Amino acid sequence: MNTVLIALAGTAVAIALTWFFCLRPMRRRAGTTAVGCCAGPAPSIDDRIRAAREELSQLQSARPGTGTGLIPPPRREG
C-alpha cells in the first residue's frame, strides 16, 4: 500500500512541476508570436519557398567537387 501512495505522490509532483515550469509559461505567452518557450516568429510560407528556391539554384549551379567539405565519390578499381 505504501508503494502505491509513493507512486501516486511522485506522479502528482511530476504533473505539478510540468505545469509550473512548462505549461504555465507557454500559456502566458499565448498572445505573442512565440509558439513555444524559446521559439521565435515563424517565417511565412513565401519566405520558406524563396529560401528553398535559392538553395536549389545554388545546388544546381555548383559543379561536383568544387565545394568545401564535399566527399569525393569512391574510386572504382577494376
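For the structure itself, consult the block above.
The present account deals with the structure reproduced in this document. Since the model is a prediction, treat every value here as computed from it, not as a measurement.

Describing the overall build of the chain
- For the chain, the count of helices and strands is two helices and zero strands.
- Put simply, the chain shows about 7500 Å² of open surface, and 63% of that area lies on carbon and sulfur atoms.

Digging into the packing of aromatic side chains
- Applying the stated criterion across every chain yields a total of one aromatic pair.
- Ring geometry for F20 versus F21: centroids 4.9 Å apart, planes at 90 degrees, classification edge-to-face.
- For F21, a relative accessible area of 55% gives the class exposed.
- The ring of F20 has R24 lying over it, and the distance from NZ or CZ to the ring centre is 4.2 Å.

As for a nonpolar patch on the surface
- A grouping of V13, L17, W19, F20, F21, L23 and M26 is seen on the molecular surface, where their side chains present a nonpolar patch of about 670 Å² in accessible area.
- Exposure remark for M26: the relative accessible area of 33% places this residue in the partly exposed category.

What to know about helix 1 (residues 2–28)
- An ideal rise of 1.5 Å per residue puts 39 Å on 27 residues; helix 1 measures up with 38 Å between its terminal C-alpha atoms.
- A bend of about 40 degrees at W19 is the largest found in helix 1.

The rules behind each value
Residues numbered from 1 in each chain as written. Predicted model: local features only at pLDDT ≥ 70, side-chain atom pairs only at ≥ 80, totals over all residues. Heavy atoms only, no water. Helix = DSSP H or I, 4+ residues; strand = E, 2+ residues; numbered from the N terminus. Areas by Shrake-Rupley, 256 points an atom, 1.4 Å probe, with all protein chains shown as cover. Phe/Tyr/Trp six-rings, centres within 6.5 Å; stacked < 30°, edge-to-face > 60°. Buried < 20%, exposed > 50% of the residue type's maximum accessible area, 1.4 Å probe, protein only. Lys NZ or Arg CZ within 6 Å of the ring centre and 35° of its normal. Patch = residues over 30% accessible without salt bridge, like charges linked within 9 Å, V, L, I, M, F, W, Y side chains within 5 Å. Salt bridge = Lys/Arg side-chain N within 4 Å of Asp/Glu carboxyl O. Expected span 1.5 Å × (residues − 1). Bend = angle between axes of the 7 residues up to and from the residue.

Honestly, it's all geometry; don't read function into it.
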